[in-house]
Structures are given as structure tokens and as C-alpha cells.
Amino acid sequence: MTYSQQWELESIYPGGASSPKLKEEIKQAEQSIAELRGLLKQPNATSYDSLVKQAKIVEEVLAALREADSYVACLMAQNMFDKEAVLLNDRLKNLGAAYTSILTEFDHHLGIIEQEEWVRLLSQPELAIVAYNLNERRELAKKKMAPELESLAADLAIDGYHGWGDFYNTIVSRMTFKLDDDTVLSAGQMSNRLDDQDRSKRLAAFKLWEQGWGEQADLFTDTLNHLSGYRLKWYQNRGWSSYLQEPLQMNRMSEATLKSMWQAVEQGKQLLIPYFERKAKLLGVDKLEWHDVEAPLATASGAQMSYDEAAAFIIEQFSGFSSELAAFAKQAFEKQWIEAEDRQGKRPGGFCTSFPKSKETRIFMTFSGSASNVSTLAHELGHAYHQHVMKDMPPLTQEYAMNVAETASTFAEMIVSDRALQRAVSKEEKLALVEDKIQRAVAFYMNIHARFIFESAFYEKRSEGPLTTEMLNELMVKAQQEAFVDQLSVYHPHFWAAKLHFYLTDVPFYNFPYTFGYLFSAGIYKRALTEGPGFASAYDALLQDTGRLSVEELAQKHLAVDLTQTDFWEEAAALVAEDVKLFLELTEQQTK
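Given the structure is predicted, the values throughout are model-derived calculations rather than measurements.

Each value, and the rule that gives it
Per-chain numbering applies: the sequence of each chain, read as written, is numbered from 1 onward. In keeping with the predicted nature of the model, local features appear solely for residues at pLDDT of at least 70, side-chain atom pairs appear and are counted solely at 80 or more, and the whole-chain, interface and lining totals rest on all residues. Side-chain numbers come from the whole structure's heavy atoms, not from hydrogens or water. Here a helix means four or more residues in a row that DSSP labels H or I, a strand means two or more in a row labelled E, and each is numbered from the N terminus. Expected span of a helix: the number of residues minus one, times 1.5 Å. What the bend at a residue measures is the angle between two axes, fitted to the seven residues ending there and to the seven starting there. Type-normalised accessible area, obtained with a 1.4 Å probe on protein chains alone, sets the label of each residue: buried when under 20%, exposed when over 50%, and partly exposed for intermediate values. We call a pair of cysteine sulfur atoms a disulfide whenever their separation is within 2.5 Å. Here, nonpolar core means buried Ala, Val, Leu, Ile, Met, Phe, Trp, Tyr and Cys residues that are tied together by side-chain atoms lying within 4.5 Å of each other. Cavity and pocket criteria rest on a 1 Å grid covering protein atoms alone: a 1.4 Å probe that fits but cannot get out defines a cavity, protein on both sides within 12 Å along at least 5 of 7 lines defines an open pocket, and an atom within 4 Å of a point defines a lining residue. Grid points are joined across faces, edges and corners, and a volume is the space filled by probe spheres set on the points. Residue polarity follows a fixed list, in which Ala, Val, Leu, Ile, Met, Phe, Trp, Tyr, Cys and Pro are nonpolar, Asp, Glu, Lys and Arg are charged, and the others, Gly among them, are polar. Exposure above 30% relative accessible area and no salt bridge define the residues that can form patches, which grow by joining like charges within 9 Å and nonpolar side chains of Val, Leu, Ile, Met, Phe, Trp and Tyr within 5 Å. Areas reported as accessible are Shrake-Rupley estimates using a 1.4 Å probe. Residue values count occlusion only from the protein chains shown. Here, a salt bridge means any side-chain nitrogen of Lys or Arg that lies within 4 Å of a carboxyl oxygen of Asp or Glu. Pairs were defined over the aromatic rings of Phe, Tyr and Trp, the Trp ring being its six-membered one, requiring ring centres within 6.5 Å. Orientation was assigned from the angle between planes: stacked under 30 degrees, edge-to-face over 60, tilted for the rest. Only lysine NZ and arginine CZ atoms are considered, and such an atom sits over a ring when it is within 6 Å of the ring centre and within 35 degrees of the ring normal.

Student: So what exactly am I meant to see when it comes to helix α19 (residues 427-462) here?
Tutor: Think of an α-helix as turning once every 3.6 residues; residues three or four places apart then point the same way. For α19, built from 36 residues, the straight-helix expectation of 52 Å at 1.5 Å per residue is met to within 8% by its first-to-last C-alpha distance of 50 Å. The largest bend in α19 amounts to roughly 35° and is located at A443. Among the 36 residues of α19, 29 are classified as buried, and the element is accordingly described as predominantly covered.

As C-alpha cells, this is what we get:
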């Protein structure tokens, strides 16, 4: 089977950014918002019949906007120079602001209903199915500004807050990296050069990478300062004293759980130190440099794969856990739901986005055949499967948080990596595969932790005023030194500029949910190994609850564990020990 490396978008909205179907979708959403506004002005706005109508409209518009947003995000990702898509994105942001504004009023109405009446309303059949989500909105509304102020803030955010977030993409789209007279790469293409097995090439690429981001650093500094300033001022006017309040709320997670997780991670890091020391010895250096961390030591048979080989490999490994998961992945490849071509003009990074009305997903990445690329592909297919098992649920209950979203994706990676390691025959192949597994632990225990430490320190200082480029570089290096327990000799000062996640306006603190997902999925994976094939259906049930329970409730219901305590996290974090042990055994002879 030969799979296309370009995704198919015409079945969603034919005609690209000029699609008549897309324009009609937007028009219908505008009319629905107007209808909801009219319902909220009626005297009986808090009656059962009216609430049912309102909730139905809320879900209809939510699905429509997610469909349109996902489509435009795909257009802009596949071609950063698609100006028509950029303009359409601006229109959707305005429509999103109008929706947010009317949702604020909707939430306010939920908040003023007397508790006894509220309990009665939620017990009725048509509202009971989304009771958790409506109650969540009601409680959050009580912690915000008055509805008219929240609406004003949302309107101003379009050209302020979100505008600065969009400006980041504008800067990146203009960046190029000149390797030689004949090779000029985009940021997305250049990022794939940073894990070249040839250390001299890797070092040259990293220097060019740092230089490129450094040359544009002042623009990124202004952008980040304005984004964070807007966010902090919004929090201040809501009376929120902690910059973690919103990200924790969005992830349906308590601060106690976050602290317990990081406490376990600190212990898990100690298990990785022998890996760092051995890898440095194998490379002939005293300490690793930043660009060495993700670089592969071995080029094993199967480590470099064509796209078709990667697809067949992933489907095969998924089938060992769940025939449903394997069938879904096969469908994604066959129906061209994946954009993987290595070409100019694409944005860097990878993502999975869902189309709730079409009940489909699309995956974006740049595939060059590395083991890391195969892992990314499996990761994004995990995201897609998560949406797949929820596709027939009410739209409100499909709104799961980022931390549990990363659970499904990381779980899929674990399936692929473990089964690949089990079937590996040669020592070289085992080494490549086990190191790839260890590098994921390094990413979640150290790289992600560095982002969290940096962002926490940044917000502390930003509350006192804007920071300079030099200050940001210093905070970044300090965060990396702490997170990597001083195991590197050279760090990445401009990482704060190079990482898109710091500039996303819809998800603050786009970091700790990754580590949560990794460790939570590790715990789930251990349960899957213990319970065998029958666990696949239990896993699907867990995923289906991710949009209607807090993470603490989810873990208690499906795993019978308390996430606010360190036990579960410590057990999950310690799973890397076996991989490090195998790595040391495989490389023992190379150090003599």
C-alpha cells in the first residue's frame, strides 16, 4: 500500500478559504448566536424549556466553530503564506469573540438560578447528559467579572491578546535558515536537522538555529511581553491572584495534584543521570550539549523508515493492543487524514485537530523518516483516536482538557515503542529503540519541566513589568539547568522564542499537561499490561469520560487511585529505570 503524504481537506469544505460551504457555516453560526441572544433576553430564560433550547444552540455553535477553526488552522499550517486563510482566521476569531460574549451571558444566567432549582433542572433527561459541563460553567462564571466586562475583554482580545499570538506566526513565517549556497530551509524543515546523527552537522545546525532565533529575538520579546501583560491584567480584574488558576481550571486539575506530580518527577530524574553520563562518554565529551540530548546514538535497522513503512509498523503495533485502534489508524492513512510531506512553506511542529461535525480528524507534521518522526506520528494518531471514541457524544462532553488529551497520545507512543523493542533482534536496533523511549522520559521530566519553571519565573517577574531579551535568555538557561539537574554543558537560551507553545493564547502554561499525560498514560499502560486484552474497552470508557470529570475523579473512577498523593506518580515515574538499565547493558562494551 502506498499512502499519500498530503492530507485531503476538500471533503470538509470544498474550495479552500473561498469555500461556499464554509461561508454558509459561518453565516449559520452567526444566526444561531443571534437566536441565543434573543432567548437570553426573554423573561423565561431560566426555565427548563428555554435552557434546553439554549444548550442545544450552544452545542451547535461550538461544533460549527471547532469545525471551521480546525479547517482554517489546517490551511495556515500547510501554507504559512496563505493570506486568504489568515484573513478568514481573523473573521473566525471575531465570530469566536461574539460566541464567547454570548456564552458569558449564558453562564451568568446559569449562575443566578437558585441551587435547589438548579439541581432539579439538571436532573431532567435533556440536561442530565451535560450536567457536569453546565455545572462547571456555572461555577466558573461566579469567579469572573461581570458579564458585560468579560464580553468587552473578549472583544478587545481579538486585536490585542490574540493578535499578538498571531504575530508570532507572522515572524516565524518570514524566518529562513541558510545551510549553504544551495540549501535554504524553513523553521519546520530546520528543526528536523537538529537531531542528525553526525555530531559536527548537528552542532552546526544548532548554532545556526540559535543564531536565527537570536536575530529575531527582540520581536519575540515584545510579543511575549504583550501577551503575558494582557493575560495578567485580565486575571487581576477577575480578582485572581495566581497565574496558575486558569491553566489548572482548564485542565480540571488541582494544585495538589500538580505538586505531587512534580515531586515524583524530581525523583524520576535521578534515574536518568546514568543515561546522561553514559551517553556523554560514548560521544567523547565530558557533558552533553543541548543538541546532543535528542540525537540518536545508533542507526538501527528500521530506525529510518519510509512513510509507508512507518504506517504499516504503527498499524501492526496498535493491533497488539486493540483491533479498534489499529482499524482507526489504517483508516486515517487510507483516507488521507495526515499531512506529512517534507516541503517548504509549512509551519513547524505537529498537531492533531478534530472536525466534530464531520466526525473526522486531521494530523499535521513533517515526516523525514526518523524514529522521532514515527513516534510523533503514533502520538498524533493517539490524539485522533481519542476524538474518534467520543465522536457520537454531545459536543459539550467532547471538550476534554489538554492533560488528558496528552494521555491518549502518549499511550499510543508507548504501545508502538514497547512492541518495537520486544520484537527487535539486533543489539543496534534495541539500542536505538530503548534510547528513543528514554528520550521521551527526558523530554517530559526535564524539557517540559524547564518550560514550566521558566514560565512560572517569567510570570512572577512580568507582574512587575516587561522583561528584556537578555532577561528572558537568563531565565531560560536557569530553568534548563535546574530541570536537567545540571547535566548539560551547553543550553538553549532562545528556546523561549523558538517554542510556539509559549505564544498560544487559548492554552496558558502549555507544558505541565504533557508531563501529566506521559505519567498518567504510563500508569494506565502498566494497568493494561496487567489486565491484558480486556483492558481495551476499559481504556475507551476512560477516554469517553475525559470531558465530563476532573482528573482526580477520572483516576478514582477508572483506576481507583488518588492523584493528589505521590504514590501513583512515583510508581509511574520509576518505570524508566528498566529502560535505563537496558541502555547501560547494551552500551557497556562500547565504553571499554
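Here the narrative resumes.
Student: How should I be thinking about the environment of N169 in this particular structure?
Tutor: Here N169 lies in helix α8 (residues 161-173). Its relative accessible area of 39% is what places N169 among the partly exposed residues. Here the alpha-carbon distance between N169 and N225, two residues 56 residues apart in the chain, equals 16 Å.

Student: Help me out: how do you make sense of the state of the cysteines in this one?
Tutor: In a disulfide, the sulfur atoms of two cysteines are held together by a covalent bond. This model, assessed by the stated rule, comprises zero disulfides. No disulfide involves C74; its sulfur sits 9.2 Å from that of C352, the nearest cysteine. Under the relative-accessibility criterion, C74 is labelled buried at 0%.

Student: Quick question: what am I supposed to make of the nonpolar core here?
Tutor: Proteins that are soluble and globular tend to have nonpolar side chains buried together. With 150 residues, the main nonpolar core has W213, F318, Y445 and W496 as its most contacted residues. Ranked by residue count, the leading element in this core is α19, at 16 residues. Among the nonpolar cores identified, the runner-up in size contains 48 residues, and I26, I33, L36 and V61 belong to it.

Student: Which parts of the structure should I look at to understand the layout of surface pockets?
Tutor: Space left empty within the atom packing is revealed by a probe, the size of a water molecule, rolled over the atoms. Estimated volume of the second largest pocket: approximately 340 Å³. Looking at the second largest pocket, it is lined by 16 residues, and the ones nearest its centre are D418, K437, L575, V576 and D579. Residue assignment for the lining of the second largest pocket shows that the elements contributing at least two residues are α18 (402-423), α19, α22 (512-531) and α26 (576-587). Taken together, the residues that form the lining of the second largest pocket break down as nine nonpolar, no polar and seven charged.

Student: What exactly am I supposed to notice about a nonpolar patch on the surface here?
Tutor: Residues L149, L152 and L156 make up a contiguous nonpolar surface patch of roughly 280 Å² in combined accessible area. The exposure class of L152 is partly exposed, given its relative accessible area of 46%.

Student: Explain the packing of aromatic side chains to me, please; I cannot follow it from the model alone.
Tutor: Here the distance between the centres and the angle between the planes together describe a pair of aromatic rings. Applying the stated rule across the entire model yields 47 aromatic pairs. For the pair W7 and F351, a centre-to-centre distance of 6.5 Å together with 55° between the ring planes defines the contact as tilted. A residue pair is termed long-range when its members are at least 10 positions apart, and W7 in the segment before α1 (20-41) and F351 in strand β5 (residues 351-355) qualify at 344 residues. The burial state of W7 is the same as that of F351; both residues are buried. The aromatic ring of W240 is capped on one face by R238, whose charged end is 4.7 Å from the ring centroid. We note K346 situated over the ring of F364; from NZ or CZ to the ring centre the distance is 4.8 Å.

Student: How should I be thinking about the pattern of salt bridges in this particular structure?
Tutor: One side chain can pair with another of opposite charge once the charged atoms of both are near each other. Per the counting criterion, the structure on display carries 34 salt bridges. Between E150 and R238 there is a salt bridge whose closest N-O contact spans 2.8 Å. Residue E150 is found in helix α7 (residues 147-159), and its partner R238 is found in helix α11 (residues 217-238); the two are separated by 88 residues along the sequence. Grouping residues by exposure puts E150 and R238 together as buried. For D486, the salt bridge is made with K287, and the minimal N-O distance between the two is 3.7 Å. Of this pair, D486 sits in the loop between α20 (469-483) and β7 (488-490) while K287 is found in the loop between α14 (273-283) and β3 (288-289), placing the two residues 199 residues apart along the sequence.

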